[in-house]
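An overview of the molecular structure
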Amino acid sequence: MGRTRKVEFTHGDVYKDVDFGTYALMMYYAKQLNSTKAEIFFNATISEWNYRVEHDLPEGDLDAIDDLEVHFIPKEIRETIIFIDNELIPALNNETLNLIEKYGGRDNFYKLFYTNPGYLIALGLNDDEFYFDIPSSIVAFLGRLKVVLELALNANTPYEVFIH
């Protein structure tokens, strides 16, 4: 397998990253759990430029290359933290299967993802992404992501997101 894409989240000196496929799998799982809250979570992890493009809003002088700050609405960041703590992590902790297995294998997950992607269409998921699908590992990543969210919320400043 070739090099996989990564999603990086940074706030000041704090840096967290995850494989793109794992990020998509986590978002898909969150969407199945609670689509409305998952959309707020998703929007809190994409750039302001991406948010504006996806919602047909004026881009102003933002662009995809230089503008890495996330779509930052403090109330939604708080809601995201609560969703992660109260719903997403407990649900993942109760999973008995790895998520790819739960969704019927890698190829089936890809098909499921694109059956009704809704707001997740913005991810542009490829069928050759790398998936780290162990629920406890996704819980650990969510804990690290929460650190970035909390730092941004406490400082009332957006963090940055970069996909490469």
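Counting restarts for each chain, with residues numbered from 1 along the sequence as it is written. Given that the model is predicted, a residue must reach a pLDDT of at least 70 before its local features are reported, and side-chain atom pairs must reach 80 or more before they are shown or counted; all residues, however, enter totals for whole chains, interfaces and linings. For the side-chain quantities, the full set of heavy atoms in the structure was used; hydrogens and water were omitted.

**What about the overall build of the protein chain?**
This is how it is decided: Each helix is a run of DSSP H or I of at least 4 residues and each strand a run of E of at least 2, with the numbering of both proceeding from the N terminus. With the radius of gyration taken over C-alpha atoms, the globule rule is written as 2.2 Å times the number of residues to the power 0.38. Exposure is judged per residue with a 1.4 Å probe applied to protein chains only, and the accessible area is read against the type maximum: over 50% gives exposed, under 20% gives buried, and values in between give partly exposed. Only heavy atoms enter the contact rule, under which two residues are in contact if any of them lie within 4.5 Å. The method behind every accessible area is Shrake-Rupley, applied with a 1.4 Å probe, and residues are considered shielded solely by the protein chains displayed. In this tally, Asp and Glu contribute negative charge and Lys and Arg positive charge; neither His nor the terminal groups of the chain are included. Charge positions come from single atoms, namely NZ of Lys, CZ of Arg, CG of Asp or CD of Glu.
Scanning the protein chain from terminus to terminus reveals 7 helices and 3 strands. Listing the helices and strands of the protein chain from first to last along the sequence gives β-β-α-α-α-α-α-α-α-β. Taken against the 2.2 N^0.38 rule, which gives 15 Å for 164 residues, the C-alpha radius of gyration of the protein chain at 15 Å falls within 12% of a compact globule. Here the protein chain holds 164 residues, and the buried ones make up 42% of them. Long-range pairs, those at least 24 residues apart, make up 71% of the contacts in the protein chain between residues at least 6 apart in sequence. Accessible surface, the protein chain: about 8300 Å² in total, of which carbon and sulfur atoms supply 50%. Across the protein chain, the mean location of the 14 positive side-chain charges is 6 Å away from that of the 27 negative side-chain charges.

**With respect to the pairing of strand S1 (residues 6-11)**
In the case of a regular strand, side chains alternate between the two sheet surfaces. The cut-off we apply is this: Two strands qualify as a pair provided DSSP detects at least 2 bridges between them.
Bridge count for S1 against strand S2 (residues 14-19) is 6 bridges, and the pairing is antiparallel. Within S2, the position partnered with phenylalanine 9 by the bridge is lysine 16. The hairpin turn running from S1 into S2, its antiparallel successor, is 2 residues long, and glycine 12 in that turn takes a positive phi close to 60 degrees.

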